[in-house]
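What follows is each chain in one-letter form.
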Amino acid sequence: MAKLKFDRNINVVLNDNEQTEVPKDEVWKGTRSGLADINGVAVNAGLGYGKLHDSIMLGGGTKITGSGSVSGVAFKVI
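Residues numbered from 1 in each chain as written. Predicted model: local features only at pLDDT ≥ 70, side-chain atom pairs only at ≥ 80, totals over all residues. Heavy atoms only, no water.

**Focus on the nonpolar core**
- Among the nonpolar cores identified, the biggest contains 12 residues, and these are Ile10, Val12, Leu14, Val22, Trp28, Leu35, Ile38, Ile56, Leu58, Ile64, Val70 and Ala74.
- The element best represented in this core is strand β1 (residues 4–14), accounting for 3 residues.
- Residue contacts for Ala74: discarding those within four places in its chain leaves Lys5, Phe6, Asp7, Arg8, Ile10, Glu26, Val27 and Trp28. (Core = buried A, V, L, I, M, F, W, Y, C linked by side-chain atoms within 4.5 Å. Buried < 20%, exposed > 50% of the residue type's maximum accessible area, 1.4 Å probe, protein only. Helix = DSSP H or I, 4+ residues; strand = E, 2+ residues; numbered from the N terminus. Contact = heavy atoms within 4.5 Å.)

**Section: the pairing of strand β8 (residues 68–77)**
- Of the pairings in the sheet, the one linking β1 to β8 comprises 10 bridges and is antiparallel in character. The residue bridging Asn9 from the neighbouring strand is Val73, located in β8.
- Both strand β3 (residues 26–33) and β8 contribute to a ladder of 8 bridges, which runs antiparallel. When the sheet's bridge partners are listed, Arg32 is paired in β8 with Val70. (Pairing = 2+ DSSP bridges.)

**A short note on the sheet that holds strand β2 (residues 19–21)**
- Here we have 4 strands laid out as an open sheet, ordered β2-β7-β4-β5, and antiparallel in their pairing. Unpaired on one side and paired on the other, β2 and β5 (41–42) mark the two borders of the sheet.
- Relative to strand β7 (residues 63–65), β2 is paired through 3 bridges, and the arrangement is antiparallel. Among the inter-strand pairings, Gln19 is bridged to a residue of β7, identified as Thr65.

This is the structure we're talking about:
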């Protein structure tokens, strides 16, 4: 069974049409603000820009795109 070990704090800020990916051996947990989509699925439909969502958890390989940010902690999968 996989375990999670705290690795570091994260604060990823993306501008319009920028993209990043959670490393395959990590899980990110925190809050997001204003991202356009996660793995190609729109996540802000009808919510308004800058809406915060607590307890977002992104697994390894997850792609995030658009103007916004993710702040929280990164865990290594061991």
